[in-house]
Structures are given as structure tokens and as C-alpha cells.
Amino acid sequence: MRQIVIPEFGDAGVLELREAALPQPGEGQVRVRVASAGVNPIDFKTRSGQGFVANAIRDHLPWVPGFEVAGTIDAVGAGVDGWQKGDPVVGMTGFPRAGGGYAEQTLVRADELCRAPEGLKLEEIGAVPLAALTAWQGLFSHLGLQPGQKLLILGGAGGVGHFAVQFAAQHGAHVVTTGSGANEDFLHQLGADDVINYEQEDVHDVCYGLDAVLDLVGGEAGKAALSTLGEHGKLVTVPTVTAQAIKDLASEKGIQAAGYVVEPDTDQLEEILALLNRRDAELHIAAAFPLGDAAAAHRRQEDGHVRGKLVLQP
């Protein structure tokens, strides 16, 4: 089989397509023939040597990236109940140290998988788990979002953001989000009530008294968004590189702020898949790449301004 490896940290050019022996599932594992694997910012940050995953794997290179896949089980290891060869599956897998999604076939812990609904395409829904769970957990586990609350999402058109806008709107929140002028119509279609064109306006000039902020951008944008919160409002931030600086500034101002890292959760993922299957939410694929073009996918992700998700299709 073929897989993409990171032999050393660097730019997208370090990614290599290599032949590898077909892996055999161990205790509690299944082997999945991958139909789609999502591409996420954490992938290129890890490849470039940034962040907590890079720190965890730097002594274990070469390493296969990819934390979300969909496909079909083609081998079942000992001690696995409830799964059999041929089952269609999707999951957030190998997080944060094992990875493995950028491959034609990969080993996955059986308890990380959900059955893929018949109405969803395996060639696409590998782009769902990590991004959608990041949005879901930010909104409901960390912000405790309630219907009727006013929420600001920084970066609503991206992979996590386009899910967050939809989940929050479905939940009955008043959704404000930032985006470029080119994405304004797209964001309204997702369910955003108000769109702030960051090319023309600053959030702290037009937003105030908000209940919650989901910061998917980080840095100075995350810091600026603190001023939009009401007295009891809270901000949660996703980019780990700038999370501490944002939390420190929030503490100085007496504002609630926290960072978080997504966790695998099959119960939550099943809820998300049910929403998608009912068409109450949608996955937007900006572009699909063959496995051998993983470097091009990384460059596209690093360039920013991706509307929705990128996906590899081995």
C-alpha cells in the first residue's frame, strides 16, 4: 500500500509518498481501506514542527499524518466486537500521536469509529470528524452555548468555522461571524445572522455585550475579540500557539477565556453525522486531492482562506 510520510520537519516539499507493508490489525484494532482523509491546519503545523503534536512525535519520524478518515473495514483484529469486514466507517483516529490517515489503508482502534450513514459519501465524510468535533466541543462543552445567546465566531468560513456556524444556528443562537467579503453570502447561507467583513471592519467597533466568542483565528484577532464580550461573557480559543497570550490578557481584564484541544468522542460524532444525514447541516468540500498530491493540499491549506474543508481521496 501507499502512504504519505513526514520524514523530517519542513515545508510541504518534505512530504513523501512511500510504499509500505500492509499493516495487520492488533488487539482491538481494525484496518480501514481509506476513501477519504481530511486535511486540517494541525497537519501542516505538525509537518512544519510547530505545536504539541510535533513535540510529541519529533523523535518518532518518519510519521504518517492524518487524524480523520472514512472508508471500509477490510480486516478485523482480535477482541473486536460489533464490526466486520465491509462495514462503512468514519472517525477521528490516532489523535494526537498515532496519526495514520494519509494512507490507502490504516489501522484504527475499533472504539474510535462510527458507522457511516448510508446517505453520506465515504469519499467526502473523512473531512468531518476532527473539524466538526472541534466546533461542537467549543460551542457546547466549553462555552455551554444556549438558545438565544449572542455568539461571535472568528473565522466562520473555514473548516471548523463552517460547522460551528451551522451548529450554533441550529441550536437557536444569534450567530455573528467574521469573514471576507467574498464569503459573506456563503456564511449567511450557513445560518449566520450577521457577517462582519474583516477587510473593512474591526469586531471591537461593531460588537459589544456578547455572551460568547469562539475564536478560530487566534493572535491579535483573538485578543481584540475579548472587548466584544458582555459582563458574564466567555471566549474560548482553538489555536494553541496563541492561546496563553489571549488567556493572560483576558485575566488582566477580568474576562473569562480558555483554550482547548479537541478530543475524540463517538457519541458526539454520531449526533453530528445524524445532522448531516438529515441535511440539517452540510459539509462543504473546497477541493479534493489524490493521495500523491498531499503537498499541494498542504500548500492550499497554509495559504488560508479555504472555504470549508480539503480532503485527500486515496
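Provided above is the structure to which this section pertains.
Residues numbered from 1 in each chain as written. Predicted model: local features only at pLDDT ≥ 70, side-chain atom pairs only at ≥ 80, totals over all residues. Heavy atoms only, no water.

K.L.:
In this structure, what is going on with the packing of helix α4 (residues 129–142) against helix α5 (residues 159–170)? I would like to understand it.
P.N.:
The angle between the axes and the distance between the axes are what describe a pair of packed helices. The N-to-C vectors of α4 and α5 enclose an angle of 50°; their axes lie 8 Å apart at closest approach. Classified by the angle their axes make, α4 and α5 are oblique. Relative to α5, α4 is oriented so that their crossing is right-handed. Where α4 approaches α5, its residues A131, A132, T134, A135, W136, L139 and F140 are matched on the opposing element by G159, V160, F163, A164, F167 and A168. For the contact of α4 with α5, the per-class residue count stands at 11 nonpolar, two polar and no charged. (Axes fitted to C-alpha atoms, helices over the stretch in contact; angles between N-to-C directions. Helix = DSSP H or I, 4+ residues; strand = E, 2+ residues; numbered from the N terminus. Parallel < 35°, antiparallel > 145°, perpendicular 65-115°, else oblique. Left-handed = near helix turned anticlockwise from the far one by under 90°. Contact = heavy atoms within 4.5 Å. Nonpolar A, V, L, I, M, F, W, Y, C, P; charged D, E, K, R; others polar.)

K.L.:
Before we go on, may I ask you to explain helix α11 (residues 294–303) in this structure?
P.N.:
An α-helical turn contains 3.6 residues, so any two residues separated by three or four positions project in the same direction. For α11, every residue scored as buried is listed here: A294, A295, A297, H298 and Q301. The arc enclosing the buried residues of α11, seen along the axis, measures out at 160°, which places them on a common side. Tucked into the core, α11 has its buried residues touching β1 (2–5), β3 (29–39), α1 (41–47), β14 (285–289) and β15 (309–312). Directly after α11, the chain includes G304, whose backbone phi takes a positive value near 80°. (Buried < 20%, exposed > 50% of the residue type's maximum accessible area, 1.4 Å probe, protein only. Arc of directions from axis to C-beta.)

K.L.:
Sorry, what's going on with the pairing of strand β12 (residues 229–237) here?
P.N.:
Within a regular strand, the side chains alternate between the two sheet faces. Here five bridges tie strand β11 (residues 210–215) to β12, and the two strands are oriented parallel to one another. By the bridge assignment, L210 is partnered in β12 with L229. The handedness of the β11 to β12 crossover, carried by helix α8 (residues 219–225), is right-handed. Taking the sense of rotation as the criterion, the β-α-β connection linking β12, helix α9 (residues 240–253) and strand β13 (residues 256–259) turns out right-handed. (Pairing = 2+ DSSP bridges. Right-handed = clockwise from strand over helix to strand, strands pointing away.)

K.L.:
Got a minute to help me understand the packing of α4 against helix α10 (residues 266–277) in this structure?
P.N.:
Remark: α4 packs on α10, axes separated minimally by 10 Å, with the N-to-C direction vectors making an angle of 105°. Taken together, the axes of α4 and α10 lie roughly perpendicular to each other. Contacts from P129, A132, L133, W136, Q137 and S141 in α4 reach Q268, L269, E271, I272 and L275 in α10. Looking at side-chain class alone, the contact of α4 with α10 contains seven nonpolar, three polar and one charged residues.

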